[in-house]
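# Coordinates in review
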Amino acid sequence: MTPGPTLTCRALSMSLGRRSVLSGVDFAAVPGEFVAIAGPNGAGKSTLMRALAGLRDPGAGNVMLGDRELRALDRREIGRHIAYVPQDRVVHWPLSVERIVALGRLPHRVTSAAADSPRDRIAIENAIATMELAGIRHRPVTELSGGERARVLLARALAQEAPVLLADEPTAGLDPEHVLRLFETLSGIAARDRAVVVVLHDLSMALRYCHRVLLLKDGATLAWGSATDVITEDNLSRAYGIRAKLVCIDGVPAVLPMAALTS
Amino acid sequence: MTHGKDLALAGLAIAAFLLSLAIGADGAGLPGSADAARTILFEVRLPRAILGFLVGAALGLAGAVLQGYLRNPLAEPGILGISGGAALGAVIAIHTGIAGVAAAALPFAGLVGAGIATLLLVMLAGAGSSSVTLILAGVAISSLSGALTSLALNLAANPFAVSEMLYWLMGSLSDRSLVHVWIAAPAILLGIVFLLSTATALDALTLGEDAAQNLGVDPGRLRWQVVGGTALAVGAATAVTGAISFVGLVVPHVLRPWLGNEPGRLLVPSLFGGAALVLLADVGLRLISPLGELRLGVLTALVGAPFFLWLVLRLRRDLAP
């Protein structure tokens, strides 16, 4: 597919009630890049993701999709350009895997009653293949394991065929094999000229797979740049209050948290 | 295919409609004289069959929409308190004697009651708030209108007024004329259009409110479609027939194992299923209780309550580890 628009935010500030959650955050997701948003609990990562997905209007600053402001766009148009996977993996009704993935086509439907078009079928099949769901496509989602469910919900977002993919902690609760497979898949998606943005806590994976990292603390940017520039022992101690060691084993970078700093 | 199932249910509803025209309180068929036959068919049975169809359709559809919108299989059309408001309006009309002024007075008072309940609901629950506040506001309005209905019964001038109100509250299609049809049909049909337009949004809500918004759902607009559609369809239905319980709860549940769990997929079938259920119950009522002493709402509750119990048991089994 042709490179999509860049999703950017400039001087973004948000508050929930009277509490300021984000202040003056700059960020950009460029097609072809795999970007991570990291930071301690409560740093404002999920709020930033929701703002980037157009679910909340910015308090100050702006979120732009290409040269257009996100808040000016129709929701269905946003859905065709930005696919968002929330952190909670709720599925309220026991639909089959295939029907859940098909929901990703809703922003593309011409009329609401339209059945799956050939274009829809192709997108659904591609998403099922990418997430390796063919074997469980007819199973009800409510009966799947946490890892399978996470893959199904990502497949729904892939079926949207949006140039920007936002996933809030897509690997939380997954076993090491599925974490690795998911990062390989997301890297592959980014390599096909899409912008992929994930919130994550696994800094080793961020260092290994992501091009750029935004490190947030208390709603403000602590560091923003290439993964190797941002994930440093110094930044980690400032962001998380830990002493961490960066190591490299057989060419694979890893972050080892050594001790919590007491001061 | 699935559309075949829609057609089958539509066929069932139409068959029930024709059955309702064919079978009267005095058994099947029509009297010999052409004039009498025409009067009975067009002034007695036709209004009753039309209302049965519309009221059943409104209840079945509203039940399916509310279960999908609230993502709760135990939701039913009365949960928003609108039918309680309609019932209160009608009871007040009987209490004050307004109901005796004209045939249209009682259902009109019911519509006013439904309208006031809807305004209260919108004020209490707000536009963009969560479904929990909507349910809580609905429960509060139901309790309030229930209490005021009891007060009206309590303060009734004489036992006849009490029995008239009680009979009305039990829900019935008997002695309804074309006047009732003209009052209820426009509101019910408009409400049905609103409710049917929620189908894809309800499907998207399966993944929660954030994901649904990402799939193009406007939560504020959806709330208006659900509340407005329920107010029109269920408010008008209750205003002309009283409370016919359990139809809106039961119909989507009966259809789910057959049609799947996609909430949007259930809307049209629930509309026809509700119409068929109310019409068949009403026909059955005329056969087992030709003098009209057994009320439709009582029959649907008698059949519906055990079903509800079974539902709870099944839910408990499904949720068991």
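Look above for the structure.
Quick summary incoming for the structure in this document.

In terms of helices and strands, chain B carries 13 helices and two strands. A compact globule built from 321 residues should have a C-alpha radius of gyration of about 20 Å, and chain B, at 19 Å, falls within 12% of that. For the C-alpha atoms alone, the extent of chain B along its principal axes is close to 65 × 50 × 35 Å. A burial count over chain B gives 51% of its 321 residues as buried. Sequence separation of at least 24 residues holds for 80% of the intrachain contacts in chain B that already meet a minimum separation of 6.

Let's shift gears to the packing of helix α2 (residues 34-70) of chain B against helix α12 (residues 267-288) of chain B. All names here are of chain B. Relative to each other, α2 and α12 sit at 135°, their axes nearing to 6 Å. On the basis of their axis angle, the class for α2 and α12 is oblique. The element α2 and its partner α12 pack so that their crossing is right-handed. Residues Ala-49, Gly-52, Phe-53, Val-55, Gly-56, Ala-57, Leu-59, Gly-60, Leu-61, Gly-63, Ala-64 and Val-65 of α2 form the contact with α12, whose own contacting residues are Leu-267, Ser-270, Leu-271, Gly-273, Gly-274, Ala-275, Ala-276, Leu-277, Val-278, Leu-279 and Asp-282. Here the contact of α2 with α12 is composed, by residue class, of 15 nonpolar, seven polar and one charged.

On to the sheet that holds strand β3 (residues 34-38) of chain A, then. Hydrogen bonding along the main chain pairs the strands of a sheet, whether they run parallel or antiparallel. All names here are of chain A. Read across the sheet, six strands follow the order β6-β7-β8-β3-β9-β10 without closing on themselves; strand pairing throughout is mixed. Of all strands in the sheet, those bounded by a partner on one side alone are β6 (82-85) and β10 (220-226). Mean inter-strand twist for the sheet, computed between neighbouring axes without regard to direction, equals 15°. Relative to strand β7 (residues 164-168), β6 runs parallel, the two sharing four bridges. Looking at β7, one finds that Ala-83 is bridged to Leu-165. Packed onto the sheet, helix α9 (residues 233-240) meets β9 (212-217) and β10 and runs at close to 155° relative to β10.

In a pair of packed helices, the angle between the axes and the distance between the axes together describe the arrangement. Residue and element names in this part refer to chain B. In contact at an axis separation of 7 Å, α2 and helix α11 (residues 247-259) are set at 70° when each is read in the N-to-C sense. With respect to their mutual orientation, α2 and α11 come out roughly perpendicular. Between α2 and α11 lies a crossing of right-handed hand. Counting all contacts with α2, which are made through Gly-56, Leu-59, Gly-60, Ala-62, Gly-63, Ala-64 and Gln-67, the residues of α11 involved are Val-247, Gly-248, Leu-249, Val-251 and Pro-252. The residue inventory of the contact of α2 with α11, partitioned by class, reads seven nonpolar, five polar and no charged.

Cut-offs applied
- Residues numbered from 1 in each chain as written.
- Chains lettered and ligands numbered in written order.
- Predicted model: local features only at pLDDT ≥ 70, side-chain atom pairs only at ≥ 80, totals over all residues.
- Helix = DSSP H or I, 4+ residues; strand = E, 2+ residues; numbered from the N terminus.
- Rg over C-alpha atoms; globule rule 2.2 N^0.38 Å.
- Buried ≥ 20, exposed ≤ 12 C-beta atoms within 10 Å, placed from the backbone.
- Contact = placed C-beta atoms within 7 Å.
- Axes fitted to C-alpha atoms, helices over the stretch in contact; angles between N-to-C directions.
- Parallel < 35°, antiparallel > 145°, perpendicular 65-115°, else oblique.
- Left-handed = near helix turned anticlockwise from the far one by under 90°.
- Nonpolar A, V, L, I, M, F, W, Y, C, P; charged D, E, K, R; others polar.
- Pairing = 2+ DSSP bridges.

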